[in-house]
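# An overview of the molecular structure
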Amino acid sequence: MSTQTAPAPAVRGGADPAAQGGHRPRPRGQVLSQVFLVCASVLWLLPILFALYVAVRPYSDTRKHGYVSLPHSLTLSNFSDAWSQANMGRFFWNSALITIPAVVIVLVLASGAAFVLTRVNVKVNVALLIVFTAGNLLPQQVIITPLFRMYLKIPLPHFLADSGLMYNSAFGLIVINVAFQLGFCVFVLSNYMKSVPGEMYEAALVDGAGLWTRFWRLTVPLCRPALAALATLLTTWIYNDFFWAITLMSSGDKRPVTSALANLQGQFVTNQNLIAAGAMIAAIPTLVVYILLQKQFISGLSLGASKG
């Protein structure tokens, strides 16, 4: 007895490409967005790659053939020369003395202020938050003249400043960086702390937790991603500061590493290869900070975007 199998019903409109092991064509918008991101990434990295390309070429090669030309020889001597001629080790230490205390002070003050603005019922909370936010809109160049005169008249003890004034001291640069970065951090952290469920604070109150306990043992651990993201941004901004360093500090040996690159410029001839190598060396600390805090930085940005 023979058995016959019924023929499979025909599929209207042709076979499904996914069922046959094929790939569905991507939407045109997705392809265009990826092309745009690739082009934007190339444009963003192009100056850095060009600076690195100039840094590994001898000055004689670029002087003879131009900067936009194929290299006839490559060298790493520009990096060692930039390190020794600019005395970059000392300037790295100056940058650390300014950046690390400024970042710590900003995060401590901003987290405390944001906690009070979001979790302590005070009538002036909204007004204070507006003041912190409005401070971010103030251009630095607007206040440079009165600030410069104030720095020349505000005295400091000698253990904080050798000159006895806010001017020409690392403490003065720390203060001005803290003042300008505090408003942005308070704004970000206050929005982040609003996303913490209020039931957690109610449970803490029932357990007898005081204000300090609720801040230090409950709020700060939950805000670690946001604090790590802000620490990365603050380190980059304060470390790369050049405006305040050349305006509020006159002694070259006290300035941060960003202003040390000016020591590589000659009076009549400027070795751009040497300056490019020094710039690459100066950028290493910010790259290290980003690599170490990369996961926390990305998670902090994503959490801040998903919570209102």
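Higher on the page you've got the structure.
Residues numbered from 1 in each chain as written. Predicted model: local features only at pLDDT ≥ 70, side-chain atom pairs only at ≥ 80, totals over all residues. Heavy atoms only, no water.

### Focus: the layout of surface pockets
Estimates place the volume of the largest pocket at around 400 Å³. Lining the largest pocket are 13 residues, with Ile48, Ala279, Met280, Ala283 and Thr286 sitting closest to its centre. Listed by contribution, the elements that provide at least two residues to the lining of the largest pocket are helix H1 (28-55), helix H13 (272-282) and helix H14 (284-292). For the lining of the largest pocket, the class distribution of residues is ten nonpolar, three polar and no charged. (1 Å grid on protein atoms, 1.4 Å probe; cavity = no way out; pocket = protein on both sides within 12 Å on 5 of 7 lines; lining within 4 Å. Points joined across faces, edges and corners; volume = space filled by probe spheres on them. Helix = DSSP H or I, 4+ residues; strand = E, 2+ residues; numbered from the N terminus. Nonpolar A, V, L, I, M, F, W, Y, C, P; charged D, E, K, R; others polar.)

### Section: the side chain of Ser95
Topologically, Ser95 is positioned in helix H4 (residues 88-119). Taking relative accessible area as the criterion, Ser95 reaches 2% and is therefore assigned buried. Those residues in contact with Ser95, other than ones at most four positions away along the chain, are Tyr239, Pro256 and Val257. (Buried < 20%, exposed > 50% of the residue type's maximum accessible area, 1.4 Å probe, protein only. Contact = heavy atoms within 4.5 Å.)

### Here's the deal with the packing of aromatic side chains
Applying the stated criterion across every chain yields a total of ten aromatic pairs. Ring pairing ties together the aromatic residues Phe115, Tyr201, Trp212, Phe215 and Trp216, which thus form one cluster. (Phe/Tyr/Trp six-rings, centres within 6.5 Å; stacked < 30°, edge-to-face > 60°.)

### Focus: a nonpolar patch on the surface
Together, Trp44, Leu45, Ile48 and Leu49 make up an exposed nonpolar region whose accessible area comes to about 470 Å². Take Trp44: it is sitting in helix H1. (Patch = residues over 30% accessible without salt bridge, like charges linked within 9 Å, V, L, I, M, F, W, Y side chains within 5 Å. Areas by Shrake-Rupley, 256 points an atom, 1.4 Å probe, with all protein chains shown as cover. Salt bridge = Lys/Arg side-chain N within 4 Å of Asp/Glu carboxyl O.)

### Notes on empty space enclosed by the protein
Counted according to the given criterion, the structure contains one cavity of 30 Å³ or more. Volume-wise, the largest cavity comes out at about 50 Å³. Lining the largest cavity are Ser95, Ile98, Thr99, Leu173, Asn177, Ile238, Tyr239, Asp241 and Pro256. Elements represented by at least two residues in the lining of the largest cavity include exactly H4, helix H7 (170-194) and helix H10 (224-239). Considering each element in turn, the lining of the largest cavity owes the most residues, three residues, to H4. Among the residues forming the lining of the largest cavity, the class breakdown is five nonpolar, three polar and one charged.

### Topic: the nonpolar core
If you look at the biggest cluster of nonpolar residues, it comprises 45 residues, and the most contacted ones within it are Leu107, Tyr151, Ile176, Leu189, Trp244 and Leu248. Among the secondary structure elements, those contributing two or more residues to this core are H4, helix H6 (144-153), H7, helix H8 (198-206), helix H9 (211-222) and H10. The leading source of residues in this core is H7, at eleven residues. In contact with Tyr151, not counting residues within four places along its chain, are Leu165, Met166, Tyr167, Gly172, Val175, Ile176 and Leu248. (Core = buried A, V, L, I, M, F, W, Y, C linked by side-chain atoms within 4.5 Å.)

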